[in-house]
Amino acid sequence: MPKILVAGSLNADLVVRAPRFPQPGETISGEDLQVIPGGKGANQAVAAARLGADVSMLGRVGKDNFGDFLLDNLKANHVDSRLVQRDDASTGTAIIVVDANGQNSIVLSPGANGKVAASDVEHASFSTFDLLLLQLEIPTPTVLSAAKLARENGVRVLLNPAPAKELPAELIALADFIIPNETELSLLTGMEVKDVPSAEKAARTLLERDAQNVIVTLGSKGALIVNKDTSSHVDTFKVDVVDTTAAGDAFIGGFAVSLDSSSLLNAVRYACACGALATTRFGAQPSLPTKEEVERFMSLRGGV
């Protein structure tokens, strides 16, 4: 199993289920509020750890109860949190509404995540890791600094460009793998992405900007691998969807864990199984599957 460093966000997710999303100016009734560990960085760290990887988390939380809650959760999931600092800012939070179809709408309050600095990244011993996972819920200059240090130390870089924003050309070139969903790919490229052919066309514009491997997650349509040598569409597994929150993080955790021991195609198939399983349960980190659950699921569904 690889040794993975995740530099990214830690959030307390405040989640309410509702029959539908409210219209502007409208108040609707939902179910009881749940407070669930989240943040794309922490989600991906826990996803990889549950699948058997040796994972360290780098980031910041506040000196508040939510911060204690998130650090305790990392420990419970066997994620090394020694590179997570306590900050005077509040802990990051995400306000999440989940509708009857399992789709989610999210508003982020970055809090301490917005204070993660390049100097924080310099404290990590990159040479001891095999893979660096990055997202965009911490400042982009910090993400870029982490990517540079990783490459200088021979560590592969996986970038999940979420939430989507303009990326420096240097960051695109530094990433060994860029994994956006359809919406993120559309925002990154300025091109409409609505199906597999349009996803491939948009992904190839990232290759023209020196991306090495682009893997587009397509929800129920699976995933698409695009690099200079190939374009391969991978079907996903059909499941009864309860909540799509963190399905992408489960996919990335699965891909990161299986990358060293599988072909690129099989790593994406494994990641699709992880993502599909995550949609069958409610919440972000509570939905992330274990290695045993994924192996059982794939054996029943005719996996890799």
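Further up the page is the structure itself.
Residues numbered from 1 in each chain as written. Predicted model: local features only at pLDDT ≥ 70, side-chain atom pairs only at ≥ 80, totals over all residues. Heavy atoms only, no water.

1. Points about unusual backbone geometry
Part 1: Between Ala 162 and the following residue, Pro 163, the backbone shows a cis peptide bond with an omega angle of -5 degrees.
Part 2: Notably, His 78 is not glycine yet its phi reads approximately 60 degrees, a positive angle.
Part 3: Position of His 78 relative to the elements: it lies in the loop between α2 (65-76) and β5 (80-87).
Part 4: Residue His 78 is classed as exposed on the basis of its relative accessible area of 68%. (Helix = DSSP H or I, 4+ residues; strand = E, 2+ residues; numbered from the N terminus. Buried < 20%, exposed > 50% of the residue type's maximum accessible area, 1.4 Å probe, protein only.)

2. Quick look at the packing of helix α8 (residues 247-258) against helix α9 (residues 264-278)
Part 1: Viewed as axis vectors pointing N to C, α8 and α9 meet at an angle of 145 degrees, and their least axial separation amounts to 7 Å. Between α8 and α9 lies a crossing whose hand is right-handed. In contact with Ala 247, Ala 250, Phe 251, Gly 254, Phe 255 and Ser 258 of α8, α9 contributes Leu 264, Ala 267, Val 268, Tyr 270, Ala 271, Cys 272, Cys 274, Gly 275 and Ala 278.
Part 2: Looking at the contact of α8 with α9 residue by residue, the classes come out as twelve nonpolar, three polar and no charged. (Axes fitted to C-alpha atoms, helices over the stretch in contact; angles between N-to-C directions. Left-handed = near helix turned anticlockwise from the far one by under 90°. Contact = heavy atoms within 4.5 Å. Nonpolar A, V, L, I, M, F, W, Y, C, P; charged D, E, K, R; others polar.)

3. So, the packing of helix α1 (residues 40-50) against α8
Part 1: Put simply, α1 and α8 touch, their axes get as near as 8 Å, and they point 45 degrees apart. Between α1 and α8, the angle is such that the two are oblique. Seen from above, α1 lies across α8 with right-handed handedness. Residue-level inspection shows Lys 40, Asn 43, Gln 44, Ala 47 and Ala 48 of α1 in contact with α8, the latter providing Asp 249, Ala 250, Ile 252, Gly 253 and Val 257.
Part 2: Its residues placed into classes, the contact of α1 with α8 shows five nonpolar, three polar and two charged. (Parallel < 35°, antiparallel > 145°, perpendicular 65-115°, else oblique.)

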